[in-house]
Amino acid sequence: MSQRRRRSLALLTSGVLALPLLAGCGSGDDEGGPVAAGQDIAATARDKVADGGVLRWAVDSLPDTLNTFQADADATTTRIAGAVLPQLFVLDDKGRPVANPDYLEKAEVVEREPKQVVLYKLNQQAVWSDGREIGAADFVAQWRALNGKDSAYWTARNAGYDRIEKIERGKTDLEVKVTFTKPYTDWRSLFSPLYPKQVTGTPDAFNEGARGTIKVTAGPFNLGAIDKKTGTAALTRNARWWGRPAKLDSLVLTAVPRAERPAALAAGKVDLAEIDRAGADRIALAHRDAARSPGPGGAPAHGPGAAMTPAQATLSWAIAYGSDEGKAATERETRAQNAEAATKYADEQSALRSFMVRKSLEPAYTQLAMNGASGPLADERVRRAVARALDRKELAEIVLKPLGLPAKPVGSHVALAGQRAYADNSDALGGKDLQASQALLADAGWRRGGKLTEPEGAKAGPEGEEGQDDSKTPSGPGTGNDGLYIVGETDGRNGDSLERGIPVVESAIKTGGETSPQGERGERIDPSGQEGEAADPGAVDDDKRGPARDGEAPGPGKAASASPAPAPAKQVRNSGNMLAKDGKALNLRFVLPAGPGSEALRTVGERIAQMLKKVGVNTEVTKVADESFFKDHIASGQYDLALYSWPATAYPATDARPIFAKPEPAADGSLLVEQNYTRVGTDHIDQLFDQALGELDEEASRELMRKADARIWAAAGSIPLFQRPELVAAKPSLANAGAFGLGTPRFQDIGWKKPPAAKEEPKKKK
């Protein structure tokens, strides 16, 4: 794997960057427009925040490494780094990089010709926890570790560092001069975080030394104990910190699975936690119940046993106290378990009244990906037709409207609203237009009522199987996974896009009784639009999906078993209202993850299937286990349509290029796709990215990125749908923390609000 590919794999798979500080720098502050939804963090002036206290903050897991530049770093790694290590540039509440005055007095390009030179002027008070000044030696060590020239360093990325020619001390120890071999517009992405030379100075220290501890730090917090048994990582106030001191005495990151967070909040194990839609619903119900008179015995009218009808309750009582002792004992045990669960639920609901839900939109967007490597979607006209059959506004409303969040579709592949590179370029493709969609399909040769020729008894499905759900995990509201798959967040890869792990939020969306044309489990649908019986599980018919790809099941006419069998008889029929070409129906494999709580994703997928059916396109949905969704389907190209999400980035010229780079053939005949899992790209798009990366005029660089985005829209490989929602449960008295939106935490300002001053009672007149 190339260094650039490892870099982009890391970048697009977890989240990084930190702390909103200062106003946007440079010209064009109005570029990108307003954010779609602002931060919801109970912003409070520092003088209103008490000194001291502990905050227990839920994370998905404790990190396997504390080195953010390693492949197995995760969101917790970057959260810890943001609190304990220098971040030279941080993100404001619009997701824009700004200089961090705690570490920098100034950083700017001081020379452009003959080579780009950046001069960093460091804060003269900035020191490591061992008392040594932060300086050029730390910059040099990190550059040498990450520039890709020394393979002894196990690093996941080197973008930008590989463009540096040399690093020197400036006129004083507080100046660091960086000279580049070729221009690099995203130079602000470098050295955040900055590790001490003790970590980056040798391969052994880099590879192993910083996996379990960071002995020398330079942030508002120091790294305390990491306890695998209790699942906690403690950060303590840094006494050597030269900036405004941290308000909290300690910040305890606590590993809690998302499905268990409502119970953990109720039990007092955590004070702050990203939650899913089901968790948010429970908190809303707790507040609603508190405002109403409680039911009999104070039990809520929801939760375990709430759906039992009077008739069912009477029958249960009759069995429990009936003459059949065996059934009676079993029923009494079940009743006792249900009563215990109901009591526990009621107690949790009572405790959840002390929390509120803070909400915003995450720095990530969900897209419909179309695999353009082969099959019908290899034709750009078909991809464009699929896109123009979609009502993106409606799809956004399905997810965001029930949460009271703005449901405006995302208009860019490379930035989100508020970021300077953002512009809505969707007009390059066009919005919903069924007539235009049908015309594109007709131009590509697909016709309604065409003759179909296929083996009798053949069936739809990517491997000649019935559309299936091969997930082995339970699903449902509150299980902690909405199925809105995020590359890296869900497949366990790491990165440095934006810092937080991405919450799941839509498990409780109602389907409204809508079902996909292929049914809940992907049953065979007759292309005429009439539902048919599930196809014979022993038959194989890959005619519906174009040439086989590497790792696919046997092609058409091949037996699914090892025993040879005579070719099935062909039958000719009419495609009816669905489209056909060359005797084959237009069937698209729609692959969705089937992990717990994936109802929202199925809802979005079903609506997409219904929209496509209106223009004669049939979809065959296959739900696959989460652990195989990315590796066995998205990365390997075993899909036609899929829904997953990309994290946003403040540096799209660097970070977005691997997602949209034109795939290139490798020496062994395979296709190198980097992170372009749609396999759709053009030389022109690559050229625009390269030009933007080397353009030091920032406005000109952003304009090149917008042009690249317009070309990406026109190629119709991926269709951005909506920005993901962010829901965070927090105590009302917690200040400067919650749903951070495009920004990231300013750790030293987080704390507990001071209690309101008691008002003196007026003295009574004698």
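Worth saying up front: this structure is predicted, and the values here are computed from it rather than measured.

Undergrad: Hey, could you run me through the overall build of the protein in this one?
TA: Looking only at helices and strands, one finds 18 helices and 25 strands in the protein. For the protein, buried positions account for 57% of its 766 residues. Sequence-distant contacts in the protein: of pairs separated by 6 or more residues, those separated by 24 or more amount to 77%. For the protein, the exposed surface amounts to about 31200 Å²; the carbon and sulfur share of it is 51%.

Undergrad: Hey, could you run me through unusual backbone geometry in this one?
TA: Most of the time, phi is negative for any residue but glycine, and the peptide bond is trans. In the segment running from Glu113 into Pro114, the intervening peptide bond is cis, with an omega of 0°. For the peptide bond that leads from Ser192 to Pro193, omega is 5°, which places it in the cis range. Along the chain, Pro193 turns up in the loop between β7 (175–180) and α4 (197–200). Even without being a glycine, Asp582 presents a positive backbone phi close to 55°. Although it is not a glycine, Arg679 adopts a positive phi angle of roughly 60°.

Undergrad: What am I meant to see in the sheet that holds β7 here?
TA: Backbone-to-backbone hydrogen bonds pair the strands of a sheet. The strands run either parallel or antiparallel. In space, the four strands of this open sheet follow the order β4-β5-β7-β6, with antiparallel pairing throughout. Sheet topology places β4 (104–111) and β6 (164–169) at the edges, where each strand pairs with a single neighbour. Averaged over all pairs of adjacent strands, the angle between their axes in this sheet comes to 15°, without regard to strand direction. Of the strands in this sheet, β5 (117–122), β6 and β7 are in contact with helix α3 (residues 136–146), which crosses β6 at around 160°.

Undergrad: Explain the nonpolar core here, please?
TA: A general feature of soluble globular proteins is that nonpolar side chains tend to end up buried together. With 107 residues, the main nonpolar core has Tyr120 and Phe191 as its most contacted residues. Broken down by element, this core gets its largest block of residues, six residues, from α3. Every residue in contact with Tyr120, bar those within four places of it in the chain, is listed here: Leu88, Leu104, Lys106, Ala107, Phe139, Leu174, Glu175, Val176, Val178, Trp187 and Phe191. Ala264, Ile275, Trp713 and Leu721 belong to the second largest nonpolar core, which has 58 residues in total.

Undergrad: Is there a simple way to explain helix α14 (residues 626–634) in this structure?
TA: Since the α-helix turns once every 3.6 residues, residues separated by three or four places project in the same direction. Among the residues making up α14, those that are buried are Asp626, Ser628, Phe629, Phe630, His633 and Ile634. Buried-residue contacts for α14 involve β18 (587–593), β19 (618–624) and β20 (641–647).

Undergrad: Got a minute to help me understand the pairing of β18 in this structure?
TA: Side-chain direction in a regular strand flips from residue to residue, so the side chains alternate between the two faces of the sheet. When you tally the buried positions in β18, you get seven out of seven residues, the bulk of the element. Burial of the side chains of β18 extends over both faces: Asn587, Arg589, Val591 and Pro593 are buried on one face and Leu588, Phe590 and Leu592 on the other. Pairing between β18 and β19: seven bridges, direction parallel. Residue pairing for β19: Val591 is matched across the bridge by Thr622. As defined by bridge partners, β18 adjoins β20 across two bridges and the pair is classed as parallel. The partner of Phe590 across the bridge, within β20, is Leu641.

Undergrad: How should I be thinking about the pairing of β5 in this particular structure?
TA: Of all the six residues making up β5, five are buried; the element is thus mostly covered by neighbouring parts of the structure. The sheet contact formed by β4 and β5 spans six bridges and is antiparallel. Residue pairing for β5: Val109 is matched across the bridge by Val118. Count of turn residues in the β4/β5 antiparallel hairpin: five residues.

Undergrad: Honestly, the confidence of the model for the protein in this entry has me stumped. Any pointers?
TA: Detailed reading of predicted coordinates is not advised where the pLDDT is low. Predicted confidence across the protein gives a mean pLDDT of 82, with 78% of residues reaching 70 or more. The low-confidence segment residues 1–27, where pLDDT is below 50, has 126 contacts with residues more than four positions distant or belonging to other chains. Per-residue pLDDT stays below 50 along residues 488–563; that stretch engages in 256 contacts with residues further than four places along the chain or on separate chains.

Undergrad: Hey, could you run me through the packing of aromatic side chains in this one?
TA: When we look at a pair of aromatic rings, we describe it by the centre distance and by the angle of the planes. Counting across every chain of the model gives 19 aromatic pairs. Note on Trp646 and Tyr677: the rings are 6.1 Å apart at their centroids and 10° apart in plane angle, and the pair reads as stacked. Of the two residues, Trp646 sits in strand β20 while Tyr677 sits in the loop between β22 (671–672) and α17 (683–693), which places them 31 residues apart along the sequence. Of the residues examined, Trp646 reaches a relative accessible area of 2% and is grouped as buried. Under the relative-accessibility criterion, Tyr677 is labelled buried at 4%. Aromatic rings pair up to connect Phe69, Phe89, Tyr120, Phe139, Tyr161, Trp187, Phe191 and Tyr195 into one cluster. Positioned above the aromatic ring of Trp57 is the side chain of Arg79, whose terminal nitrogen or guanidinium carbon lies 4.2 Å from the ring centre.

Undergrad: So what exactly am I meant to see when it comes to empty space enclosed by the protein here?
TA: In this approach the atoms are scanned with a rolling probe the size of a water molecule, which exposes any empty space left behind. Applying the stated criterion across every chain, the model contains eight cavities of 30 Å³ or more. The calculated volume of the largest cavity comes to roughly 120 Å³. Surrounding the largest cavity, 16 residues form its lining, Ile659, Phe660, Asn676, Thr678 and Ser718 being those nearest its centre. Of all the elements in the fold, those that place two or more residues in the lining of the largest cavity are β20, α16 (657–660) and α18 (698–715). The residue makeup of the lining of the largest cavity, split by class, is nine nonpolar, seven polar and no charged. Put simply, the second largest cavity is a space of about 90 Å³. Forming the boundary of the second largest cavity are 14 residues, of which His413, Val414, Pro647, Ala648 and Thr649 lie nearest the centre. Residue composition of the lining of the second largest cavity, grouped by class: 10 nonpolar, three polar and one charged.

What counts and how
- Residues numbered from 1 in each chain as written.
- Predicted model: local features only at pLDDT ≥ 70, side-chain atom pairs only at ≥ 80, totals over all residues.
- Heavy atoms only, no water.
- Helix = DSSP H or I, 4+ residues; strand = E, 2+ residues; numbered from the N terminus.
- Buried < 20%, exposed > 50% of the residue type's maximum accessible area, 1.4 Å probe, protein only.
- Contact = heavy atoms within 4.5 Å.
- Areas by Shrake-Rupley, 256 points an atom, 1.4 Å probe, with all protein chains shown as cover.
- Pairing = 2+ DSSP bridges.
- Axes fitted to C-alpha atoms, helices over the stretch in contact; angles between N-to-C directions.
- Core = buried A, V, L, I, M, F, W, Y, C linked by side-chain atoms within 4.5 Å.
- pLDDT = per-residue confidence, 0-100.
- Phe/Tyr/Trp six-rings, centres within 6.5 Å; stacked < 30°, edge-to-face > 60°.
- Lys NZ or Arg CZ within 6 Å of the ring centre and 35° of its normal.
- 1 Å grid on protein atoms, 1.4 Å probe; cavity = no way out; pocket = protein on both sides within 12 Å on 5 of 7 lines; lining within 4 Å.
- Points joined across faces, edges and corners; volume = space filled by probe spheres on them.
- Nonpolar A, V, L, I, M, F, W, Y, C, P; charged D, E, K, R; others polar.

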